[in-house]
Amino acid sequence: MHVEVTPLPGIGTRQDFQTRSGRRIGIVSYRDGRYDLIVSKTDDPDACVASIPLSPEEISTLASLLGAPQLVNHLERQHAEVSGISTAHLPIAPGSRFDGRTLGDTELRTRTGVSVVAVMRAATAHPSPTPDFRFAGGDLLVVVGTPDGISKAAERLDRG
Amino acid sequence: MHNVALSLIELGAVFFGLGLLGRLAWKIGISPIPLYLVGGLAFGHGGVLPLNGIEGFTEISAELGVVLLLLLLGLEYSAAELVTGLRRSWSAGLIDLVLNALPGAVVALMLGWGPIGALVMAGVTYISSSGIVAKVLGDLGRLGNRETPVVLSVLVFEDLAMAVYLPILTALLAGVSFVGGLTTVGIALVTVTVVLVVALRFGRFVSALVDSPEPEVFLLRVLGAALLVAGVSSQLQVSAAVGAFLLGIAISGSTAENATRLLEPLRDLFAAVFFVVFGLNTDPKAIPPVLGVAIALALVTTATKMLTGWFAAKLQGIARLGRLRAGAALVARGEFSIVIAGLAVASGAVDQGLAPLATAYVLLMAVFGPVAARVVEPMARWAWSLRQRRLAGAES
């Protein structure tokens with residue numbers, strides 16, 4: 001994907017790219033740290049139909065909304081090429097055995113050989129969680145391992 | 001004691017009045033500059049209510065206003081942006097220079113103001129108001145548009161042109177000979193190049209010299225450095241404004257951002273005084289005789305800026321509507337036209353009619369510029385739909 005970076009002297013930079021449908025999407029980042037989300041018009045691709053000011057907080061929310069499903073897809077694509085390894089999402093059901101416990105408590109790696117590469121919580125990805133990462137009900141674990149290991153891990157998380 | 005009290009009352013009234021005018025201007029969506037000028041016209045020479053006793057203050061404040069205007073202009077662009085801007089937009093910049101300096105020069109020559117008057121008026125009609133343009137582009141949500149970098153790089157070119165133009169103008173206004181003028185041109189070009197190179201390579205040292213974590217220390221250092229450089233360059237006849245501008249370019253990075261944030265309110269205050277003083281020194285009765293010329297000049301230079309934007313945007317592969325938007329965005333003239341006219345008037349080397357003409361011209365262009373930027377797109381769409389309807393009507 002080609003992202004065009006255009007300096008805006010005295011203001012900041014514009015970074016945008018062309019979507020397959022012919023629209024231009026991107027951001028204007030100001031020198032003082034503000035951002036505008038920009039979307040081009042359909043009938044006049046030079047102009048913008050919207051230029052929406054976003055705070056850094058809003059930017060990161062938008063980024064994680066778009067980025068979370070992307071991460072799983074990306075992992076699946078990557079591991080699809082390695083035979084014998086698969087990726088899965090395993091939920092932590094509210095009130096289940098590991099709700100409120102840490103990743104270390106599950107002993108997933110020692111018992112099943114499965115690695116937790118990320119935890120999705122409220123549309124935010126927490127990549128590479130450490131053993132002291134504490135789960136909450138509704139978390140979705142992105143795991144990588146052998147199909148056998150993954151079914152054992154699912155069983156272990158479900159039980160109780 | 002009585003005099004001090006009176007001066008305070010007068011100053012207070014002036015600032016408060018400017019505040020009201022500024023509020024009104026932003027409310028109706030135009031730049032406050034024309035209203036400040038009108039405010040100045042209303043007082044002072046031949047105005048309805050002459051002010052006395054605050055000339056000492058307003059005079060030095062107006063000078064400060066010019067220095068701050070140019071310092072912040074320099075702070076706005078980093079040296080790297082100036083160099084890439086120059087590389088990218090020199091052809092568009094040259095078109096801009098020729099198309100927009102010519103009308104002013106021709107009018108001055110026709111009025112018999114001589115070559116110096118022509119040079120002054122060329123500057124007045126050439127330079128767009130980067131303040132008004134940037135504000136209008138932001139307000140209209142056009143920063144993400146494809147033609148906006150084109151507009152901004154034309155402004156960058158104009159600012160660099162100013163760095164060369166102002167020292168030459170200052171020298172000529174001071175009445176130096178042709179050879180002396182050439183020397184000044186040489187000095188100006190060398191200085192600008194040296195400052196750009198220094199800013200590119202050693203910008204952080206210049207920044208470190210003025211930077212400080214405490215806001216008040218920082219403010220005093222930046223302002224002190226600016227006035228020192230402005231004063232010294234004025235002594236060397238390179239124009240105080242250019243000294244401040246070059247210092248602004250040399251200060252870079254986060255130091256420049258912080259300096260901008262600190263100095264902006266000061267600039268707004270002193271620049272407002274500068275516009276008022278310019279208005280004060282202009283006799284309102286002198287405006288009606290030059291109004292016709294000013295209107296003609298406004299019409300012609302609106303067309304030439306539209307052409308400039310059209311060509312500049314076309315070079316970057318922008319479609320017709322975008323080219324029109326780029327042209328209209330550039331129409332506004334403002335602070336720097338008045339700075340140039342102010343230098344000329346202060347030197348006394350130009351015709352009496354120049355100040356009223358420049359005032360009337362900037363009044364027209366500062367009001368009309370933002371309006372043009374706003375209406376160009378709806379008008380173009382309307383015109384196209386009208387033509388299409390007519391074509392459809394002709395076919396049926």
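Look up: the structure comes first, before these words.
Each value, and the rule that gives it
- Residues numbered from 1 in each chain as written.
- Chains lettered and ligands numbered in written order.
- Predicted model: local features only at pLDDT ≥ 70, side-chain atom pairs only at ≥ 80, totals over all residues.
- Helix = DSSP H or I, 4+ residues; strand = E, 2+ residues; numbered from the N terminus.
- Rg over C-alpha atoms; globule rule 2.2 N^0.38 Å.
- Buried ≥ 20, exposed ≤ 12 C-beta atoms within 10 Å, placed from the backbone.
- Contact = placed C-beta atoms within 7 Å.
- Pairing = 2+ DSSP bridges.
- Axes fitted to C-alpha atoms, helices over the stretch in contact; angles between N-to-C directions.
- Parallel < 35°, antiparallel > 145°, perpendicular 65-115°, else oblique.
- Nonpolar A, V, L, I, M, F, W, Y, C, P; charged D, E, K, R; others polar.

Asks: Would you take a moment to explain the overall build of chain A for this structure?
Replies: Along the backbone of chain A there are four helices and nine strands. Each helix and strand of chain A, ordered N terminal to C terminal, gives the series β-β-β-β-β-α-β-α-α-β-β-β-α. The C-alpha atoms of chain A give a radius of gyration of 21 Å, which is well past the 15 Å a tight globule of 160 residues would have. Buried positions account for 23% of the 160 residues belonging to chain A. Contacts in chain A between residues far apart in sequence, at least 24 positions, make up 47% of those at least 6 positions apart.

Asks: Explanation requested: the sheet that holds strand E2 (residues 12-18) of chain A in the structure shown.
Replies: Note on sheets: strands pair through backbone hydrogen bonds, and any given pair is parallel or antiparallel. All names here are of chain A. Across the sheet, five strands lie side by side as E1-E2-E3-E4-E5; this open sheet has antiparallel pairing. Single-partner strands in this sheet number two, and they are strand E1 (4-8) and strand E5 (48-54). Sheet twist, expressed as the mean angle between neighbouring strand axes with direction ignored, is 20°. Note: E2 against strand E3 (residues 24-30), seven bridges, orientation antiparallel.

Asks: Honestly, the packing of helix H4 (residues 79-110) of chain B against helix H12 (residues 287-315) of chain B in this entry has me stumped. Any pointers?
Replies: Two numbers describe a pair of packed helices, the interaxial angle and the distance between the axes. All names here are of chain B. Running from N to C, H4 and H12 cross one another at 170°; their axes reach a closest spacing of 9 Å. Judged on the interaxial angle alone, H12 and H4 are roughly antiparallel. On H12, the residues touching Ser89, Ser91, Ala92, Ile95, Asp96, Leu99, Asn100, Pro103, Gly104 and Val107 of H4 are Val293, Leu297, Val300, Thr301, Thr304, Lys305, Leu307, Thr308, Phe311, Ala312 and Leu315. Partitioned by chemical class, the residues of the contact of H4 with H12 number twelve nonpolar, seven polar and two charged.

Asks: How do you make sense of unusual backbone geometry when you look at a structure like this?
Replies: When glycine is set aside, most residues are seen to have a negative phi, and most peptide bonds are trans. Residues and elements named next belong to chain A. Positive phi, close to 50°, is recorded for Glu107, a residue that is not glycine. Looking at the secondary structure, you find Glu107 in the loop between helix H2 (103-106) and helix H3 (108-112). Not every positive phi belongs to a glycine, and Ser128 is a case in point at roughly 40°. Relative to the helices and strands, Ser128 is located in the loop between strand E8 (124-127) and strand E9 (140-145).

That is the geometry; function is a separate question.
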